[in-house]
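Here is how the chains run, residue by residue.
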There are 4 protein chains.
Amino acid sequence: MLNIAVIGAGRIGHVHAKTIASHPDAKLALIADPFGDAAEKLAAEYGAAHTTDVDSVFTDEGVDAVVIGSPTPLHIPHLLAAAKAGKAVLCEKPIALDMKDVEAAQAELDAVEVPVMFGFNRRFDPSFATLHQAVADGKIGNLETLLIISRDPSAPPAEYVKVSGGIFRDMTIHDFDMARFFLGDITEVYAVGQNFNPAIKEAGDSDAAVVTLKNADGVVATIINNRHCASGYDQRLEAQGATGTLNADNIRATTVRLNNDQLTDAAEPYLDFFLQRYADAYRLELTSFIDAINGGTKPLPGIKDAIEALRLAEAATESVATGKVVHL
Amino acid sequence: MLNIAVIGAGRIGHVHAKTIASHPDAKLALIADPFGDAAEKLAAEYGAAHTTDVDSVFTDEGVDAVVIGSPTPLHIPHLLAAAKAGKAVLCEKPIALDMKDVEAAQAELDAVEVPVMFGFNRRFDPSFATLHQAVADGKIGNLETLLIISRDPSAPPAEYVKVSGGIFRDMTIHDFDMARFFLGDITEVYAVGQNFNPAIKEAGDSDAAVVTLKNADGVVATIINNRHCASGYDQRLEAQGATGTLNADNIRATTVRLNNDQLTDAAEPYLDFFLQRYADAYRLELTSFIDAINGGTKPLPGIKDAIEALRLAEAATESVATGKVVHL
Amino acid sequence: MLNIAVIGAGRIGHVHAKTIASHPDAKLALIADPFGDAAEKLAAEYGAAHTTDVDSVFTDEGVDAVVIGSPTPLHIPHLLAAAKAGKAVLCEKPIALDMKDVEAAQAELDAVEVPVMFGFNRRFDPSFATLHQAVADGKIGNLETLLIISRDPSAPPAEYVKVSGGIFRDMTIHDFDMARFFLGDITEVYAVGQNFNPAIKEAGDSDAAVVTLKNADGVVATIINNRHCASGYDQRLEAQGATGTLNADNIRATTVRLNNDQLTDAAEPYLDFFLQRYADAYRLELTSFIDAINGGTKPLPGIKDAIEALRLAEAATESVATGKVVHL
Amino acid sequence: MLNIAVIGAGRIGHVHAKTIASHPDAKLALIADPFGDAAEKLAAEYGAAHTTDVDSVFTDEGVDAVVIGSPTPLHIPHLLAAAKAGKAVLCEKPIALDMKDVEAAQAELDAVEVPVMFGFNRRFDPSFATLHQAVADGKIGNLETLLIISRDPSAPPAEYVKVSGGIFRDMTIHDFDMARFFLGDITEVYAVGQNFNPAIKEAGDSDAAVVTLKNADGVVATIINNRHCASGYDQRLEAQGATGTLNADNIRATTVRLNNDQLTDAAEPYLDFFLQRYADAYRLELTSFIDAINGGTKPLPGIKDAIEALRLAEAATESVATGKVVHL
């Protein structure tokens, strides 16, 4: 039984708290959030302890591991503090908003020896993980093209967008990691930003984007992103290879289909957002984290994955700004 | 090039006329219908000759084969007249409304030596034929259960129902033949009639039915029939065997699917009725007829199939009337 | 938090123990099983108490409710003992193997005033429940036909079959309840038994069956059962009504589809068996049970549902034995 | 009845000959091909006249319209000759391999007053046309993203590739027209070429590509191309808009699905190539051509569409060569 603290009682903190509390091998020990009574409320829901003093997490001997769900600028400080205190760390994405922050901390990050894992939960989604394994097993021969369709049900508030680091660091970062999961290191990035939401445009960001990534073997990944999708959380993958194609479709709460005089085979909208859609992925991510700690192995995705995903986000941001292809 | 005459310029006559006219190996030579200008109108559409004198078909030396789409009570007389005149015959279903009529003509029918085929077109539907072949090829091991869902888009007028011989002779006859196509001879019949349409009830018929058929090996076929279906012409098959299951689904005009905030993966209604749904089946039925004539083989389904399907229709009618299982 | 004891540490006892242990509003208090160390082992898995003295469950003041997963002949004795002790009861299906046992206990059953619910879990399956609600909401107009396809992945051992009461009491009982969930009381039953498995035939039972049920309004339900299905646990529903059709399909662990030169859109087999397939249903069944207790309402499905499902099982058994339709 | 001549008795000439011969409003009058007995053989199949003297087509008074399926460098000469002779023209894609050839003939092309249509047959595919109409009807609100997946079953011989003008002029040209059908004029093109086939690489061409197109409104179309696809001719569309998404999937010859212990819902491969896949599209394209001629309207897609598609092909070719975005 691993005693886990969660830093940050916001939306993602809730997801992790729920996942930990219901995991058979984990105990939600403590929730820390400096602001108001967020930690207290969330902790009460699961019978955990709480604190507004985040630093106390690192000195708490009852805490074995820390899940970092604080605002992104605090990820590196919290990660390093936890690691230095000997706590295993599961850190949310992105590792930072700016590669300069990573570079400034690089020596310390390199020295981190406790297990550190990054929250690219989609690698653990049963459908995506199965599809990835099938590619690895040669079910479609050599990979030629990857298509990632990733649309949120609706845009976050402009206030959030302003401090988010932009669509590529905030949203596409998951898709960059997924592309790397299949293609490895990327050598070329081209991104087109789109603006359909005036508030997001005013906030200086794109609310939709299409990104083309290429690796050194000429395999291409296409990412189609949108901050809104009428039918819910649209999360699909398609991998095409020399001898076949694999798809993973959206998920719905039921299998019910309606047929009438207007339409046939009509299903309900997709699961609405990440807590529902990726509930299994968060659980399996946590299992993988715990297994790595218990087994003494390096958990994945690790710091290199976090840094490379950020590098792609920066390259895509630059590509939109310059209208040019970025070579890495 | 086979010169073919069509007797009967009604709905099914139109289907055959169109099929023949566009078939590369057939020529629509003549259309015969004793009533009004039906033959003339239909013939004009395809540049064929026409007549109101049905008997002239049998003496016309330019006619190689006859498609009989006359009212059911005339099927046997027309079939025998054509055969005696040495014309190959493709006769519509059912062979008769009453087994007594068949028995009365049995000796003559037995002596028919020209190629005679019956219009159980669904055996030639590409999906059903492929499914049947897959079962024959052992793709699902020994057959255990067959499910036939067969619903018309909407009920015929009560006037038609009154002279139709009832749902089992008029509509289910196709499904009885399909059951025999997979199960061979049937030993037990149980049928439940249903009444949702008051006009059809008044006409003394069921407008929906569920029929259970069993063969000597204990294989069961279930037929689910309805004279109306909101989504169009609902025509499905499912064969379950020892090592697998095969399904054939409905057909739509396009593959377009709509996703919005109310529904996802919504297709259009099914093809509306038999001309569209079974266009390929009618064409392939005709090809099979022509091939049998040219190849000197006995076309199938033949007279035995026509008689046995009628026998099942009579048994189902009896089962509804008595509320009992009928053993054959 | 409801303290729940489970009687019976067999397969279904495991399902309930797991469901209770992970339910936020329930506590797995005690597991009782007279044989060997089954209770001890199961209890250890979830940190519950255990006993081999089943009667002690009824006198344990720490037990609020009892889930009865004992062998079927003990259902009525355990149910009455628990109820008399003031414990709420969730009893597994079937209520008994023989209607005589129910009749003998009828007066006592009628007097049961504590909440008693029966484990027809499929009513709570999200897809089936949603489909049922859609019918109730008039989405397809008046119901005309219900189709229940229900196939187990593989047959139980002949030893089990011999004491199971036969396929209709043991397996179809769920489908009878589902039919009643949609059609209400049934007036006619016709069942065909099938034998493909020699060991089950020798045990005197059918291993597949097709059942036709009719209610007083002429609505027909068809049940297609098989003790084995190559593709896994095949559990489907189709309701056809005056203005539409609703389907609920099988469930798979992932949405991955493979396309290659042999096949396209190929999914994995269905979830293998009831623990996986109906995990949500068991959880929601328990929630419904707890809500009824807390809300002071009568939980459903209740004793009448249990008795009527058994009556249909007896009628189907009789129908197979006599080859006749049974009227209720 | 329109008398139509076909120039070119190669693969595409066969497609048009078959389409014309079976069209109720067209007559295949003449087939012209200068090489060997290709015209004779093809003409014999449909009972048409034939000639090796292509110029005789333009002077033949029995010819109302000409379908040009000659090698691409002859498209403009044949088009102009036919038009000057007062024949309506349906010309295959691409209009030319080099924009310089178009520019050289631009004045003459501009002066063409007879009906001239270009063979972007996919606009007439029932699924794609229905999807396009649904977008035009506002079914998904304003269009935001278009995804075109277009993969051939297998690569043409390297000999063909060498004279084809490259993948973008030869294959993607259809997808460029489809993008323009939905997005109108394109302002930015970025293309990544891929090489998986050594023979095609040696021939100096890409055998797969991903193209990103943007219009002035910021709508983005993504084209995913491959010269081979294990599952057949992979032809799909997805249009995402403000209020919904529309998809058009691949087409198979039957609806049969197989379920066993390894896989479920497995369909057959897609229709193998364009004659089968786009048979309806070719027929409806011809109908549209005939209707325009008979109705005195300008047929679409017209010369501007042909030129703009070529412009996109040239831009994509340049983008691959330079690794840069091309602005139009």
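Small disclaimer: the values here were computed from a predicted structure and weren't measured.

K.L.:
When you look at the domain arrangement of chain A in this model, what are you seeing that I'm missing?
P.N.:
Residue and element names in this part refer to chain A. Structurally, chain A comprises domain 1 (2-114) and domain 2 (123-280 + 308-327). At the junction of the two partners, domain 1 supplies eleven residues and domain 2 supplies 13 residues. Summed over both partners, the interface of domain 1 with domain 2 comes to about 1100 Å²; 68% of that surface belongs to carbon and sulfur atoms. Sorting the residues of domain 1 by area buried against domain 2 places Lys-93, Leu-97 and Met-99 first, and these three jointly supply 52% of that buried surface. Counting every contact that joins domain 1 to domain 2 gives zero salt bridges. Seen at the junction of domain 1 and domain 2, the total is three residue pairs in polar contact (both at pLDDT 80 or more). Breaking the side of domain 1 that touches domain 2 down by element, the ones donating at least two residues are α1 (11-21) and α5 (99-111). In terms of residue count, the dominant contributor to the side of domain 1 that touches domain 2 is α1 (three residues). A breakdown of the residues in the side of domain 1 that touches domain 2 according to their chemical character gives eight nonpolar, no polar and three charged.

K.L.:
Explanation requested: the interface of chain C and chain B in the structure shown.
P.N.:
For interface size, the figure often reported is the accessible area lost on association. Taken together, the contacts link 35 residues of chain C with 35 residues of chain B. Both sides of the chain C and chain B interface together cover about 2600 Å² of buried area, and 53% of this is carbon and sulfur. Scanning the region where chain C abuts chain B turns up four salt bridges. Put simply, Glu-238 of chain C and Arg-236 of chain B hold a salt bridge, and the shortest N to O gap is 2.7 Å.

K.L.:
Whenever I open this one, the pairing of strand β12 (residues 244-248) of chain C confuses me. Can you help?
P.N.:
A regular strand carries its side chains on alternate faces of the sheet. Summarising burial for β12 of chain C: five of the five residues are buried, a large majority. Residues Gly-244, Leu-246 and Ala-248 of chain C line one face of β12 of chain C and the alternating positions Thr-245 and Asn-247 of chain C line the opposite face, and both faces are buried. Of the strand pairs in this sheet, strand β13 (residues 256-259) of chain A and β12 of chain C are connected by four bridges, and their pairing is antiparallel. Counterpart to Leu-258 of chain A in the pairing with β12 of chain C is Leu-246 of chain C. Across five bridges, strand β11 (residues 234-241) of chain C lies against β12 of chain C in antiparallel orientation. The partner of Glu-238 of chain C across the bridge, within β12 of chain C, is Asn-247 of chain C. In this antiparallel pair of consecutive strands, β11 of chain C and β12 of chain C, the connection spans two residues.

K.L.:
I would appreciate a short explanation of helix α6 (residues 126-136) of chain D in the present structure.
P.N.:
Along an α-helix, residues three or four positions apart point the same way, because every turn accommodates 3.6 residues. Residue and element names in this part refer to chain D. Of the residues making up α6, those classed as buried are Ser-127, Phe-128, Leu-131, His-132, Ala-134 and Val-135. Viewed along the axis of α6, the buried residues span an arc of 160°, placing them on a single side of the element. One or two positions beyond α6, positive phi appears at Gly-138, with a value near 80°.

K.L.:
What is the right way to read the environment of Phe-120 of chain D from this model?
P.N.:
Residue and element names in this part refer to chain D. On the secondary structure map, Phe-120 appears in the loop between β6 (116-118) and α6. Along the primary structure Phe-120 and Asp-175 are separated by 55 residues, whereas in three dimensions their C-alpha atoms are 9.1 Å apart. Excluding its chain neighbours within four sequence positions, the residues that come into contact with Phe-120 are Lys-93, Ile-173, His-174, Asp-177, Glu-285, Pro-301, Asp-305, Ala-306 and Ala-309.

Thresholds, definitions, all that
- Residues numbered from 1 in each chain as written.
- Chains lettered and ligands numbered in written order.
- Predicted model: local features only at pLDDT ≥ 70, side-chain atom pairs only at ≥ 80, totals over all residues.
- Heavy atoms only, no water.
- Domains from an automatic or database assignment.
- Contact = heavy atoms within 4.5 Å.
- Buried area = accessible area lost by both parts, 1.4 Å probe.
- Salt bridge = Lys/Arg side-chain N within 4 Å of Asp/Glu carboxyl O.
- Polar contact = N/O pair within 3.5 Å; in protein donor to acceptor, adjacent residues only side chain to side chain.
- Helix = DSSP H or I, 4+ residues; strand = E, 2+ residues; numbered from the N terminus.
- Nonpolar A, V, L, I, M, F, W, Y, C, P; charged D, E, K, R; others polar.
- Buried < 20%, exposed > 50% of the residue type's maximum accessible area, 1.4 Å probe, protein only.
- Pairing = 2+ DSSP bridges.
- Arc of directions from axis to C-beta.

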